[in-house]
Amino acid sequence: MAYAPTARRALVRDGLAAWCALTSQSQVLRSEDMLPAAMEETYSVLQDATRRRTALFDFDVPFRGEPTPIAPFLGRASVMVNVKFDDPVTLEQLPGLQNLLSEFSAQGLHVLAFPTDQGWFEADDSNTLRLKFKSVYNFGQYPISVVFDKVDLLGGNALPLYSWLTKTLPNPWGVKRLVFDYEKFLVDGSGNVLRRYPRKFSPLAMVPDVRAALAGEPLPAESAQLQQAWQDAKREAVKSEYAFKPGLNVYDLGARHPEWRRDSYTSVHIFMNGQLTKQIMANDSFSNDELMEAAANNTLSASSQQYLVSQQPTVPCQPVRKQGVATRALVS
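In every chain, residue numbers begin from 1 and rise along the written sequence. The predicted nature of this model means local features are confined to residues of pLDDT at least 70 and side-chain atom pairs, given and counted, to a pLDDT of 80 or more, with totals for whole chains, interfaces and linings taken over all residues. Side-chain measures here rest on the full set of heavy atoms in the structure, leaving out hydrogens and waters.

Participant: Describe the sheet that holds strand β6 (residues 184-188), with residues and values.
Facilitator: Any two strands with at least two DSSP-identified bridges between them are counted as paired. Helix and strand definitions follow DSSP, with helices as H or I runs of at least four residues and strands as E runs of at least two, each counted in order from the N terminus. Strand order across the open sheet formed by 5 strands is β5-β4-β3-β6-β7, with mixed pairing between neighbours. Looking along the sheet, the strands with just one partner apiece sit at the ends: β5 (145-147) and β7 (193-197). When strand polarity is set aside, the average angle formed by the axes of neighbouring strands in this sheet is 15°. Lines fitted to C-alpha atoms define the axes, with helix axes restricted to the stretch in contact, and inter-axis angles between N-to-C directions lie between 0 and 180 degrees.

Okay, here's the thing in structure tokens:
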């Protein structure tokens, strides 16, 4: 016997209430003795739905300063992408993602965008980034296109969602972490990770995959274009300044971002060319002026007074430059 969606929801509600009432009275009955045939069908639907949902639904995402369950942001199919506003490929990737949404958002496609300070540094705070993505690319319309708070995506403090994504679907040469900005993951409505795409792969070339995911059908075979894009990405990862490079622009301990976790920090580490040179103790509040003074007191050279520090005091991982030599201060 089949039931309309409204009737099925009512059966689920009434059936669960009946289940709770009977079990509270310690009545040990088999489901077929306790539930009518209609409830048996609905109960099997619930079991199947629970069985099909993956671990994706267990994760939180950083949104407006708070860990928030991911479920409201997911669509019938979703694209998850790590974004960087100042990356040159943003000029191609964001319009492409917007075109995907224009064509498929009515069918249930959502795009979840995750910015990070890791890799190529970006001084804007999370709210400023959301405004810039919205004003320049018209990207940011809850819930179909959302820019989340800046957060680590690699290393020891990586967002658990991204640790799970990258381990669930490593890239074609076996790397279980992000290599570039704008790596895209396509997931279906049950949270299955279907396919991974490299930085320069055009979102417009994802149309056949997105269409299949929305229809609940198997994805078409990997295109020659996608295979070539991954080969190009592997070569580019060696030389590109936009690649994530552990020890150079990504550190294992990462940084606790105060927009999500407002913990007071106790020390500042000054790095030059990837090497720890000095640790300076700090109070619960540590301004840019104090960071500049701490960096200037570094004993690397007598000319170390020339520093330029980001004017974003809420960013815990700030670039410090001494006479053209890039250094980095990490708050821990």
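That covers the picture; the talk isn't over yet.
Participant: Explain the pairing of β7 to me, and be specific about the residues and the numbers.
Facilitator: Among the 5 residues in β7, 4 count as buried, and that is most of the element. Where β6 lies against β7, 4 bridges are found, and the strand directions are antiparallel. Note that in β7 the partner of V187 across the bridge is V193. Hairpin geometry of β6 and β7 is characterised by an intervening segment of 4 residues between the two adjacent antiparallel strands and by a positive phi of about 90° at G191. Burial status follows relative accessibility: with a 1.4 Å probe on protein chains alone, a residue under 20% of its type maximum counts as buried, one over 50% as exposed, and anything between as partly exposed.

Participant: Give me the lowdown on helix α8 (residues 224-239), citing residues and values where you can.
Facilitator: Look at α8: 24 Å from first C-alpha to last across 16 residues, which is about the 22 Å you get at 1.5 Å a residue. Turning to α8, its buried residues are L226, A229, W230, A233, E236 and A237. Down the axis of α8, the smallest arc covering the buried residues is 130°, so these residues share one side. Along α8, the residues that are exposed and aim more than 90 degrees away from the buried face are A224, R235, V238 and K239. Its buried side turned inward, α8 meets β7. Expected helix span is given by 1.5 Å per residue-to-residue step, counting one fewer step than there are residues. Think of it as the arc spanned by the lines of direction from the helix axis to the C-beta atoms. Note on definitions: a residue-residue contact is assigned when non-hydrogen atoms from the two residues lie within 4.5 Å.

Participant: Please give an account of the nonpolar core that cites residues and values.
Facilitator: The biggest cluster of nonpolar side chains holds 36 residues, and the ones touching the most others in it are L100, L109, F133, F139 and V210. Elements represented by at least two residues in this core include exactly β3 (77-83), α4 (90-104), β4 (109-115), α5 (126-137), α7 (207-215) and α8. Grouped together as the second largest cluster of nonpolar side chains are 27 residues, F114, L165, F244 and V250 included. For this analysis, a nonpolar core means a set of buried residues of the types Ala, Val, Leu, Ile, Met, Phe, Trp, Tyr and Cys, connected via side-chain atoms within 4.5 Å.

Participant: Pulling in residues and values, what's your account of the pattern of salt bridges?
Facilitator: Here, a salt bridge means any side-chain nitrogen of Lys or Arg that lies within 4 Å of a carboxyl oxygen of Asp or Glu. Evaluated as defined, the whole model comprises 10 salt bridges. Between E103 and R211 there is a salt bridge, with its nearest N and O atoms 3.4 Å apart. Pair noted here: E103 is in helix α4 and R211 is in helix α7, with a separation of 108 residues, a long-range link. Note that R195 is salt-bridged to D209, the shortest N-O span being 3.2 Å.

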